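# Inside the fold
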Amino acid sequence: MSTPFDLTPVRSTFRGVTVAAVPAAADFDADRWARAEAIVADAVGARPASVQRQLRAFFRVLGALSWLRFGRPFGSLGPDRTLRLLRSLERAPLLLLRRGTWGVRTLAFMGVYGQEGVRAEVGYRAMADGWSGRGGGEPWPDRAGRGVPEDSILTALRPEP
Amino acid sequence: MTDVSVDVLVVGSGAGGGTVAQALAPLAERGQRILVLERGPRFAASDFTGDEVEMAPALYADAGGFLTSDGTMTLAFGRAYGGSTVVYTGTSLPPPERVIRGWSVPGLDAADLRERTRRYVDENNVHLLPDEAINENNRLFVRGCAEAGYTAHQFPVNVRGCRGSSLCNLGCPNGAKQGTHAVQLPAAEARGVEVVTRARVERLGDRTAEVVVEARPEGAKGAPSEWAPGTYRVRAGTVVVAAGAVGTPALLLRSGFGAALPRLGHGFTCHPAFILVGEHRDPITNDVGHPKSLYLDRAEAEGFVLETCMYFPFVTAKNLTGMGPDHERLMRAFPRLQMILVLACDKAVPDNRVRIDGAGDPVVDYRFTPAVVERMTAATRAAARIFFGAGAVRVHAPPADPPLIERHEAGALERRIDARHFQSGRISVSAAHLMGGAGMGRDAGDSVTDSRGRVHGVPWLRVADASLFPDSVEINPYLTIMSLADRVAEGIVDERGG
């Protein structure tokens, strides 16, 4: 297994991006933050070294831009200013800035929506049992062997002419 | 290093390699040694938990996020016993005849491909799901298409005993999908073909392959390799490369074949795609049932295809443009979301290709041509019309700025959805139909192989996967790969005394 990416040096920046991207993350308790960071650290740790270098570099760029634009560290910007900064970067003329922003917001989403508890909170309920798990019937009878039948679902759902 | 001698070596076990493995089984029964090497592990259905964070790194190269060289698109391809057939949705369409004719490959006949396709339709239990198995996400697509003046079609799918988990892209937890992992490879093994997993082919030499078999990492999913971890030199009378449209050109390039084959790596296409989401007032069934049951084929007329789809929360979040409160509000509406996948029919162009870096690893160069951007924009407008036709209250469209389009704006789609908003690096674009890089054709001046997958000037070497496509196939490529691989295998059986 690969070594998890060390988020410690960029923790406040990562959390700032996450709360800007997913406002509900502001209410995360310590367990949820730990889970989010573990998911991201494992995922980035499995990516090529070049990707990890680019990520570290982009976190530094965010820090520098925060000082330049607001005169304070990224981690203390607060959600509104962070979001403004990130939104300007995702539309930046420079592809590198757009890519980097896409990358860090994607990691934020992974840390949040990759958690089982959050998935349940947004109403996602997929399960192996499929229809029967929702109170439906057993597996549908296969209809192979009769060729490709008339698309009855299509006929039934089309409006009357 | 351990030496192994075989008669035929097949690299890869997906739609191409798995098909070749089964088709060569008669040779194995007659005493020839047929070996398949697969880079990924062998999974059991019970390994598939449906957790996207857990399954993506186990099943996909780079967890499904293999980035193109400029970082503006992710490519998804599987690494498993069965290759990408383990992780696709089972959609099974024959190649369009107009496309095969347009490829103009000497010796490749559309009728012959169609006939071969029929065999795999039967073998893989390809059929239309019954009406009662179609969920509302798909039914709304039919209704929306009708309201917008389009005709939807139902995908034939290769499932057996589908329970509607909706988890196809993370491996079917019920073993319903009839990919090569379920059909062709087990049949081949039962007849004497050997399949070795966790085996990475580093390089090919003259009728040899340098192979590294990796140990199963502690705690990892999947079975250990059938061979002891270590390095191997496999000698083979014939080598068939079926490592996918990224893996095959990369392996041939790092093996030094590029000097005599100037087209190697060129002609890469991938049907660039993104997800559109329509929000409804009331909950719909979307995360239960087969996710990709219907499609709208506008390939010939407008250069795009729309398909129903349903993705998992993280993948959905990643693919929605932007971030912040609007994004979060849409995610919280998950049970009310309808999804459509937009795919552009791209064309092979000189700059889009597979190459290797200094370490021999694959690099994919891909730029969105103006034609592709126009097609994705037109497809987005069509999808938005379908969503609103189906009753959606708002639509999230990547090439719109802001991306959320309210119902009262439905009459202004031409203005709201515009190619100028297609800003690469901001919009999430991904592709899973990877094609080309070792295309078929006449000679080394225009291609890498002939119509039977024989590599020009290298009599012992064949290609048998989607990298054979000289251009995009403009529909889901699985059955086309199988029928082409069947032709390649037939040639080998003929040559080797079948």
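First, a word on what this report is: a plain description of the structure on this page.

### So, the overall build of chain B
The secondary structure content of chain B amounts to 14 helices and 19 strands. A compact globule built from 498 residues would reach a C-alpha radius of gyration of about 23 Å, and chain B, at 22 Å, matches this within 12%. When burial is assessed residue by residue, chain B has 64% of its 498 residues classed as buried. Considering only contacts within chain B whose residues lie at least 6 apart along the sequence, 75% involve residues at least 24 apart.

### Some thoughts on the overall build of chain A
A count of helices and strands for chain A gives eight helices and zero strands. Helices and strands appear in chain A in the N-to-C order α-α-α-α-α-α-α-α. Residue burial in chain A is summarised as follows: out of 161 residues, 38% are buried. In chain A, 65% of the contacts between residues at least 6 apart in sequence involve partners at least 24 apart.

### Some remarks on the pairing of strand S12 (residues 304–308) of chain B
Residues and elements named next belong to chain B. Of all five residues in S12, five are buried, a share of seventy percent or more. Burial of the side chains of S12 extends over both faces: Phe 304, Leu 306 and Thr 308 are buried on one face and Val 305 and Glu 307 on the other. The pairing of S12 with strand S13 (residues 337–344) spans five bridges and is classified as antiparallel. Residue pairing across strands places Val 305 opposite Leu 343, the latter belonging to S13.

### Concerning the environment of Tyr 232 of chain B
All names here are of chain B. Structurally, the position occupied by Tyr 232 is in strand S9 (residues 230–241). For the pair Tyr 232 and Thr 308, spaced 76 residues apart in sequence, the C-alpha to C-alpha distance is 44 Å. Setting aside residues no more than four positions away along its own chain, Tyr 232 makes contact with Met 1, Thr 2, Val 4, Val 211 and Val 213.

### Brief notes about the packing of helix H4 (residues 79–90) of chain A against helix H5 (residues 95–113) of chain A
Residues and elements named next belong to chain A. The N-to-C vectors of H4 and H5 enclose an angle of 130 degrees; their axes lie 7 Å apart at closest approach. Regarding the angle of H4 to H5, the classification is oblique. When H4 is examined against H5, the residues Leu 86, Leu 89 and Glu 90 are found in contact with a partner set consisting of Leu 97, Arg 98, Thr 101, Trp 102 and Arg 105.

### Topic: the interface of chain B and chain A
The extent of an interface is frequently quoted as the accessible surface area lost upon association of the parts. Facing the 59 residues of chain B at the interface are 52 residues of chain A. The set of elements that each furnish at least two residues to the side of chain B that touches chain A consists of helix H3 (52–59), helix H6 (136–148), strand S5 (153–154), helix H10 (313–319) and helix H11 (325–332) of chain B. Looking at the side of chain B that touches chain A residue by residue, the classes come out as 26 nonpolar, 18 polar and 15 charged.

### Quick look at the packing of helix H2 (residues 30–45) of chain A against H5 of chain A
All names here are of chain A. Their axes nearest at 8 Å, the elements H2 and H5 cross at an angle of 125 degrees. Taken as axis vectors, H2 and H5 run oblique relative to one another. In this structure, H2 crosses over H5, and the sense of that crossing is right-handed. Contacts between H2 and H5 pair Ala 36, Glu 37, Ile 39, Val 40 and Ala 43 from the former with Leu 107, Met 110, Gly 111 and Val 112 from the latter.

### Looking at helix H8 (residues 244–254) of chain B
Residues and elements named next belong to chain B. In terms of burial, H8 is largely enclosed, as 10 of its 11 residues are buried. Of all the residues in H8, the buried ones are Gly 244, Ala 245, Val 246, Gly 247, Thr 248, Pro 249, Ala 250, Leu 251, Leu 252 and Leu 253. Downstream of H8 by a residue or two, Gly 256 has a phi angle that is positive, lying close to 90 degrees.

### Quick word on the pairing of strand S14 (residues 353–356) of chain B
All names here are of chain B. Strand direction decides the pairing type here: S14 and strand S15 (residues 362–365), joined by four bridges, are antiparallel. Looking at S15, one finds that Arg 353 is bridged to Asp 365. Linking two consecutive strands that pair antiparallel, namely S14 and S15, is a turn of five residues; a positive phi of about 90 degrees is found at Gly 360 within it.

### Describing H5 of chain A
The terminal C-alpha atoms of H5 of chain A lie 26 Å apart, and with 19 residues this matches the ideal 27 Å at 1.5 Å per residue to within 8%. The buried count for H5 of chain A comes to 16 of 19 residues, which makes it a mostly enclosed element.

### Some words on the nonpolar core
Ranked by internal contacts, the top residues of the largest apolar core, which has 214 residues, are Leu 9, Val 20, Leu 24 and Val 342 of chain B. For Leu 24 of chain B, the residues in contact, after removing those within four places along its chain, are Val 8, Ile 34, Val 193, Ala 489, Ile 492 and Val 493 of chain B.

Scoring rules and cut-offs
- Note that residues are indexed from 1 along each chain, following the sequence as it is written.
- For naming, the first written chain is A and the first written ligand is 1, with later ones following in the order written.
- Reporting of local features is limited, given that this is a predicted model, to residues whose pLDDT is at least 70; pairs of side-chain atoms are given and counted only at 80 or more, and all residues count toward the totals for whole chains, interfaces and linings.
- We count a stretch as a helix when DSSP gives it H or I for four or more residues in a row; a strand needs E for two or more, and each element gets its number in order from the N terminus.
- All radius of gyration figures rest on C-alpha atoms, and the globule criterion is 2.2 Å times the number of residues raised to 0.38.
- The burial criterion counts other C-beta atoms lying within 10 Å of a residue's C-beta, which is placed from the backbone; the residue is buried at 20 or more, exposed at 12 or fewer, and partly exposed between these limits.
- Note that contacts rest on C-beta atoms placed from the backbone: two residues are in contact if these are within 7 Å.
- For two strands to count as paired, DSSP must find a minimum of two bridges between them.
- In this analysis an axis means a line fitted to C-alpha atoms, helices contributing only their contacting stretch, and an angle means the value between N-to-C directions, from 0 to 180 degrees.
- Should an angle fall under 35 degrees it is taken as roughly parallel, and over 145 as roughly antiparallel, whereas 65 to 115 is taken as roughly perpendicular and any remaining angle as oblique.
- The classification used treats Ala, Val, Leu, Ile, Met, Phe, Trp, Tyr, Cys and Pro as nonpolar, Asp, Glu, Lys and Arg as charged, and all other residues, Gly among them, as polar.
- In a left-handed crossing the near helix is turned counterclockwise from the far helix by less than a right angle, and in a right-handed crossing that turn is clockwise.
- Helix span, as expected, comes to 1.5 Å for every residue beyond the first.
- For the purposes of this analysis, a nonpolar core is taken to be any set of buried Ala, Val, Leu, Ile, Met, Phe, Trp, Tyr and Cys residues that are connected through C-beta atoms within 7 Å.

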